[in-house]
Amino acid sequence: KPMAPLRSYAIVVYDYIQRYLPEMFGGWYEKEFIETTQRARRVFTTTPQTALDVQNYARVHPNKITCFGVQYDRFRK
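The structure contained in this document is the topic of the report that follows. Everything numeric in this text was worked out from a predicted model, so none of it was measured. (Residues numbered from 1 in each chain as written. Predicted model: local features only at pLDDT ≥ 70, side-chain atom pairs only at ≥ 80, totals over all residues. Heavy atoms only, no water.)

## With respect to the overall build of the chain
Helix and strand counts for the chain stand at three helices and three strands. In sequence order, the chain lays out its α and β elements as β-α-α-β-α-β. Here the chain, with 77 residues, has 35% of them falling under the buried criterion. Accessible area for the chain stands at about 5300 Å²; split by element, carbon and sulfur atoms hold 57% of it. (Helix = DSSP H or I, 4+ residues; strand = E, 2+ residues; numbered from the N terminus. Buried < 20%, exposed > 50% of the residue type's maximum accessible area, 1.4 Å probe, protein only. Areas by Shrake-Rupley, 256 points an atom, 1.4 Å probe, with all protein chains shown as cover.)

In structure tokens form, the structure reads like this:
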């Protein structure tokens with residue numbers, strides 16, 4: 001079942017360290033993180049690299065991603 005509520009929600013992603021260190025979490029745990037992020041109405045990040053990870057690793061559309069602190073628009077493809 002989804003970890004997050006079935007209502008609209010936003011999520012903050014600080015990093016996807018498990019993308020670079022896959023042994024940190026098991027596959028089922030990671031799957032839930034990604035699905036929860038994909039279901040979010042808006043995803044907030046604090047760095048452009050994390051925004052790109054959300055886009056590429058979690059497969060979230062760039063229009064749903066907001067990066068605080070640094071202009072993320074420069075990094076969108």
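## Topic: the side chain of T37
For T37, the location among the structural elements is in helix α2 (residues 27-39). Of the polar contacts made by the side chain of T37, one reaches the backbone oxygen of F33; its length is 2.9 Å. Contacts of T37, omitting those with residues within four sequence positions, involve I11, V13, Y16, V43, V54, A58 and V60. (Polar contact = N/O pair within 3.5 Å; in protein donor to acceptor, adjacent residues only side chain to side chain. Contact = heavy atoms within 4.5 Å.)

## Points about the sheet that holds strand β3 (residues 65-67)
Read across the sheet, three strands follow the order β1-β2-β3 without closing on themselves; strand pairing throughout is parallel. Single-partner strands in this sheet number two, and they are β1 (10-13) and β3. Ignoring which end each strand starts from, the neighbouring axes of this sheet average 25° apart. Direction of pairing for strand β2 (residues 42-45) relative to β3: parallel, over a ladder of three bridges. Bridge pairing in β3 places F44 opposite T66. (Pairing = 2+ DSSP bridges. Axes fitted to C-alpha atoms, helices over the stretch in contact; angles between N-to-C directions.)

## With respect to unusual backbone geometry
Most peptide bonds are trans, and most residues other than glycine sit at a negative phi. Unlike most non-glycine residues, R59 shows phi in positive territory, near 60°. Along the chain, R59 falls in the loop between α3 (48-56) and β3. Look at R59 and you get exposed, because its relative accessible area is 58%.

## Some words on the nonpolar core
Grouped together as the largest cluster of nonpolar side chains are 13 residues, with contacts concentrated most on V13, V43, V54 and V60. Elements with a contribution of two residues or more to this core: β1, α3 and β3. Apart from residues no more than four positions distant in its own chain, V54 is found in contact with V13, Y16, T37, V43, T45, R59, V60 and I65. (Core = buried A, V, L, I, M, F, W, Y, C linked by side-chain atoms within 4.5 Å.)

## Thoughts on the packing of aromatic side chains
A full pass over the atoms with the stated rule returns two aromatic pairs. Plain terms: the ring middles of Y16 and Y57 are 5.4 Å apart, the flat faces sit at 65° to each other, and that makes the pair edge-to-face. Residue Y16 is located in the loop between β1 and α1 (17-20), and its partner Y57 is located in the loop between α3 and β3; the two are separated by 41 residues in the primary sequence. Between F44 and F68, the ring centres sit 5.3 Å apart and the planes meet at 10°, which makes this aromatic pair stacked. One end of the pair, F44, is in strand β2; the other, F68, is in the segment after β3, and 24 residues separate them in sequence. (Phe/Tyr/Trp six-rings, centres within 6.5 Å; stacked < 30°, edge-to-face > 60°.)

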